[in-house]
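Next come the chains, spelled out residue by residue.
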Amino acid sequence: MTDVGAAFSRRRRPDDSADDVRVTYESLPHGRTLIMGVLNVTTDSFSDGGRWLRAEAAIAHGLELAAAGADIIDVGGESTRPGARRIAVAEEQSRVVPVIQELARRGLAVSVDTMNASTAEAAIGAGAVLVNDVSGGLSDAQMAETIIRLDAPFIVSHWRGPSDTMNSRATYGNVVAEAGAELEYRVAELVVRGMNPDRMLVDPGLGFSKNSAHNWAILGHLDRFTRIGLPVIVGASRKRFLGELVAEGAPMEDRDFVSAVTAALAAQHGAWAVRVHDVETTKAALAVAGKWKEGAR
Ligand code: PMM
């Protein structure tokens, strides 16, 4: 059996067939920071664009992420990098649904990274356990209603506008206070509309209408976001502000070490999960954070 195959059999009872495995948001591990592995099924995502476009290759990469220790596989079909153009919803769904279906069938916890309500619904139907909307439901007017109707777990990110204009919206007097208040307000708005707070998570949206200084201020004050009282996701991996800490023009993979250190520090400051590309290095970094916490008891 391959390493990947062995990793999956460990997740099942011996007499289970793959189709009997049911993971849910609530069945995810507790007591440690989780790893959300990034699986971009896109042609132009800034860090790994194009490599996993074919479903088969994407599924294989998802299995590798899980074998390396990812607790959740975050499948996205549309790039959100600065300046990215939107793609048709049908195209997005043709990229992500077969991949989600297969990974979920194999017993993996899958989230869908989408700003489209119909893609979120198709993904939940295909077995995804979590909807990750970088716009916090602001991009598609149908998203909130869809999530409420499906009672789907939902990541609400801080967002000020679409990728083609987000850099011009990166203006703050105090980014921590303003992004924190805007995110808290968005959560309250969704709860008032009927969203289940037990199935909501928040994300400060690093890089979304935020420059490097904004991102560092948010990381340095992560308690403003944990204070909202919902699980916090931190997505720093390979982002430009971390690229500034490695050699100019270095390949994306050279950002993985600083990404892992950032993940460990985010864990230390209460992150529920970190969204990363390099799961193996992150897992080692989180093990240090875990041992440190144990030592502090
Ligand atoms: N960043 C990206 C995409 N999806 N989702 C969440 N919850 N948080 C993030 O910070 C986030 C995200 C952009 O990065 P990518 O192109 O490497 O996926």
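Residues numbered from 1 in each chain as written. Predicted model: local features only at pLDDT ≥ 70, side-chain atom pairs only at ≥ 80, totals over all residues. Heavy atoms only, no water.

Q: Explain the packing of aromatic side chains here, please?
A: Geometry of an aromatic ring pair is reported as the spacing of the ring centres plus the angle between the planes. Counted by the stated rule, this structure contains 2 aromatic pairs. On the numbers, 6.0 Å between centres and 55° between planes, the contact of Tyr25 with Trp272 is tilted. Placement of Tyr25 in the loop between α1 (3–11) and β1 (34–40) and of Trp272 in the loop between α10 (256–268) and β8 (273–276) is noted, with a sequence separation of 247 residues between them. By the burial criterion, Tyr25 is buried, and Trp272 matches it. Ring centres of Trp216 and Phe241 lie 5.0 Å apart, and the angle between their planes is 75°; this geometry places the pair in the edge-to-face category. (Phe/Tyr/Trp six-rings, centres within 6.5 Å; stacked < 30°, edge-to-face > 60°. Helix = DSSP H or I, 4+ residues; strand = E, 2+ residues; numbered from the N terminus. Buried < 20%, exposed > 50% of the residue type's maximum accessible area, 1.4 Å probe, protein only.)

Q: Explanation requested: the pattern of salt bridges in the structure shown.
A: Two side chains with opposite charge may pair up if their charged atoms get near one another. The full count for this structure, using the stated rule, is 16 salt bridges. The partner of Arg186 in a salt bridge is Glu189, and the shortest N-O contact between them spans 2.6 Å. Of this pair, Arg186 and Glu189 both sit in helix α6 (residues 175–193), 3 residues apart, roughly one helical turn. Looking at Arg186, the relative accessible area reads 10%, which means it is buried. (Salt bridge = Lys/Arg side-chain N within 4 Å of Asp/Glu carboxyl O.)

Q: Mind showing me how you'd approach the pairing of strand β5 (residues 154–157) here?
A: It is a general feature of regular strands that their side chains alternate between the two faces of the sheet. Residues of β5 alternate between two faces, with Phe154 and Val156 on one and Ile155 and Ser157 on the opposite face, all of them buried. Across 3 bridges, strand β4 (residues 130–133) lies against β5 in parallel orientation. Among the inter-strand pairings, Val131 is bridged to a residue of β5, identified as Phe154. For the handedness criterion, the β-α-β arrangement of β4, helix α5 (residues 143–150) and β5 is classed as right-handed. Relative to strand β6 (residues 200–203), β5 runs parallel, the two being bridged by 4 bridges. (Pairing = 2+ DSSP bridges. Right-handed = clockwise from strand over helix to strand, strands pointing away.)

Q: Hey, could you run me through the pairing of strand β2 (residues 72–76) in this one?
A: Of all 5 residues in β2, 5 are buried, a share of seventy percent or more. The side-chain alternation of β2 yields two buried faces, one formed by Ile72, Asp74 and Gly76 and the other by Ile73 and Val75. Here β1 pairs with β2 via 5 bridges, running parallel. Across the sheet, Leu39 pairs through a bridge with Val75, a residue of β2. For β2 and strand β3 (residues 110–113), the ladder comprises 4 bridges, and the chain directions are parallel. Within the sheet, the bridge partner assigned to Gly76 lies in β3 and is Asp113. Handedness of the crossover joining β2 and β3 through helix α3 (residues 89–105) is recorded here as right-handed.

Q: Help me out: how do you make sense of the site of the ligand in this one?
A: Around the ligand sit 15 residues, and of these Asp113, Asn132, Asp203, Lys239 and Arg275 come closest. Between the ligand and Asn40, the relevant distance is 3.2 Å, taken from an oxygen atom to a side-chain nitrogen or oxygen of the residue. Measuring from a nitrogen atom of the ligand, one finds a side-chain N or O atom of Asn132 at 2.7 Å. Coverage of the ligand by the protein amounts to 98% of the 420 Å² it exposes when considered alone. (Near = heavy atom within 4 Å. Polar contact = N/O pair within 3.5 Å; in protein donor to acceptor, adjacent residues only side chain to side chain. Areas by Shrake-Rupley, 256 points an atom, 1.4 Å probe, with all protein chains shown as cover.)

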